[in-house]
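Spelled out, the chains give:
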Amino acid sequence: MILTPVRKFATKTCSNIGSNFAKSKTLQKVGKFFEADGFNMGGAAFNTLILSAVVAPRMIQARDADERREILTRDATTILTLLFAMKGLKAGFSKAMSKVNGLVLTNKGAAEGKNVVAKAFDYIKPSGISSLSSGQITSKYGQISTKDELVKLLEYVKNGKGNIAKVLNTGKELAGETANALGDISKKGADEIIDMVKKAPEEKLSGILNILKDVENPLTKAGKKVNALLEAGSLGIIISFLGFGLPAINKKITEKNHMKNKVLNREPLPAPLFNNSLKITPNQKEVFKQFLG
């Protein structure tokens, strides 16, 4: 069968490529750059390929400066918006929501001491601040069944600049059990609450732990709900900008350029038939009189 030799050749070729990658440090770096997770290509590789494979060929094939300007205005802006703005918007909203519900919904905080530009860049770069996925929210806030796990959760919220008091008062049921075990903690600081939990007997915390031991507990539900709302909101902003804002901007710039070109390329008005420089000489007057008789 003809497929058998083809398969053998393909297998041998892939094996040789793999061996060369294993031996070469340069090829290993290339492989790491393009490393994918299932169908998801690595962020840096995807960004490089999408920009070089979409924008670069379009720029090369552009017919004039106006078309190149339009490509940069429309295509490049669209790609950069899809690659970076969605992530940045969602992460920024998640950070802001921490002040509302106390939950930490980002993978890390902005580094201390950075200026405003550097902090803003943290939200759009691939390795910077990003929102937690549903799976990560479950991993952080779900199945808290022991006192040690509860302390670990509260320290995570504290380090992420969340609000421990708000977290332990998420939902009426959890708020009631927190009040029974720890009293009113609404005005207490993070360190004080963590110290209270550490000193409390595990039996006293059983009401809180019975609620948080489930995968889908009040914290994971609240986190996923906020996550979904922020994603929908970020997507709505992106769609509005790309669907309405960017075309309007591009149209305005194009019309302005066309009007400018029209003025520059307009043909000059014809010279008047007579002007002050055209004077009749005495000889011409005499000829004209003879002509009239």
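Nothing here was measured: the structure is a model prediction, and the numbers come from that model.

Chemist: Looking at this model, I keep getting lost on the overall build of the chain. Mind explaining?
Modeler: A count of helices and strands for the chain gives 13 helices and 2 strands. Taking all 293 residues of the chain together, the buried fraction comes to 27%. Looking at the chain alone, contacts between residues at least 24 apart form 66% of all its contacts between residues at least 6 apart. On the chain, roughly 20000 Å² of surface is accessible, and the fraction owed to carbon and sulfur atoms is 61%.

Chemist: So what exactly am I meant to see when it comes to unusual backbone geometry here?
Modeler: Excluding glycine, residues mostly have negative phi values, and the peptide bonds linking residues are mostly trans. At Gln 143, a position not held by glycine, the phi torsion is positive, near 55 degrees. By secondary structure assignment, the location of Gln 143 is in the loop between helix H6 (134-141) and helix H7 (147-159). Of note, the phi angle at Lys 161 is positive, near 65 degrees, even though the residue is not glycine. Counting through the fold element by element, Lys 161 comes out in the loop between H7 and helix H8 (164-167).

Chemist: Would you take a moment to explain the environment of Val 104 for this structure?
Modeler: Within the fold, Val 104 resides in the loop between helix H4 (65-101) and helix H5 (116-122). On the basis of relative accessibility, which here comes to 3%, the residue Val 104 falls in the buried class. Note: C-alpha distance between Val 104 and Lys 158 (54 residues apart in sequence) is 8.8 Å. Those residues in contact with Val 104 that lie beyond four places of it in its chain are Ser 98, Leu 132, Tyr 141, Tyr 156, Val 157, Gly 160 and Gly 162.

Chemist: Quick question: what am I supposed to make of the confidence of the model for the chain here?
Modeler: Detailed reading of the predicted coordinates is not advisable wherever pLDDT is low. With 69% of its residues at a pLDDT of 70 or more, the chain shows a mean pLDDT of 76. Here residues 34-39 scores under 50 on pLDDT; set against residues more than four positions off or in separate chains, the count is 6 contacts.

Chemist: For this particular structure, what's the right way to read helix H9 (residues 172-182)?
Modeler: What sets the pattern is the α-helix's 3.6 residues per turn: residues three or four places apart point alike. Of all the positions in H9, only Leu 174, Ala 175, Thr 178, Ala 181 and Leu 182 are classed as buried. One side of H9 holds all its buried residues, which, seen down the axis, span an arc of 130 degrees. In H9, the exposed positions that point more than 90 degrees away from the buried face belong to Lys 172, Glu 173 and Asn 180. Downstream of H9 by a residue or two, Gly 183 has a phi angle that is positive, lying close to 80 degrees.

Chemist: Would you mind showing me how to read the pattern of salt bridges here?
Modeler: Side chains bearing opposite charge may pair, as long as their charged atoms lie close to each other. Applying the stated criterion across every chain yields a total of 5 salt bridges. A salt bridge links Asp 191 to Lys 158, with the shortest nitrogen-to-oxygen separation between them at 2.6 Å. Residue Asp 191 is located in helix H10 (residues 190-199), and its partner Lys 158 is located in helix H7; the two are separated by 33 residues in the primary sequence. The class of Lys 158 is partly exposed, set by a relative accessible area of 36%.

Chemist: Help me understand H6 in this model?
Modeler: Those residues of H6 that fall on the buried side of the exposure criterion are Ile 137, Thr 138 and Tyr 141. The arc that holds the buried residues of H6, viewed along the axis, is 100 degrees, so those residues lie on one side. Where H6 ends, the next residue or the one after it, Gln 143, has phi of about 55 degrees, a positive value.

Chemist: How should a negative patch on the surface be read in this particular structure?
Modeler: A contiguous patch of negative charge on the surface is contributed by Asp 148, Glu 149, Glu 202 and Glu 203. Along the polypeptide, Asp 148 turns up in helix H7.

Here is what the cut-offs are and how they apply
Residues numbered from 1 in each chain as written. Predicted model: local features only at pLDDT ≥ 70, side-chain atom pairs only at ≥ 80, totals over all residues. Heavy atoms only, no water. Helix = DSSP H or I, 4+ residues; strand = E, 2+ residues; numbered from the N terminus. Buried < 20%, exposed > 50% of the residue type's maximum accessible area, 1.4 Å probe, protein only. Contact = heavy atoms within 4.5 Å. Areas by Shrake-Rupley, 256 points an atom, 1.4 Å probe, with all protein chains shown as cover. pLDDT = per-residue confidence, 0-100. Arc of directions from axis to C-beta. Salt bridge = Lys/Arg side-chain N within 4 Å of Asp/Glu carboxyl O. Patch = residues over 30% accessible without salt bridge, like charges linked within 9 Å, V, L, I, M, F, W, Y side chains within 5 Å. Lys, Arg positive; Asp, Glu negative; His and termini not counted. Charge placed at Lys NZ, Arg CZ, Asp CG, Glu CD.

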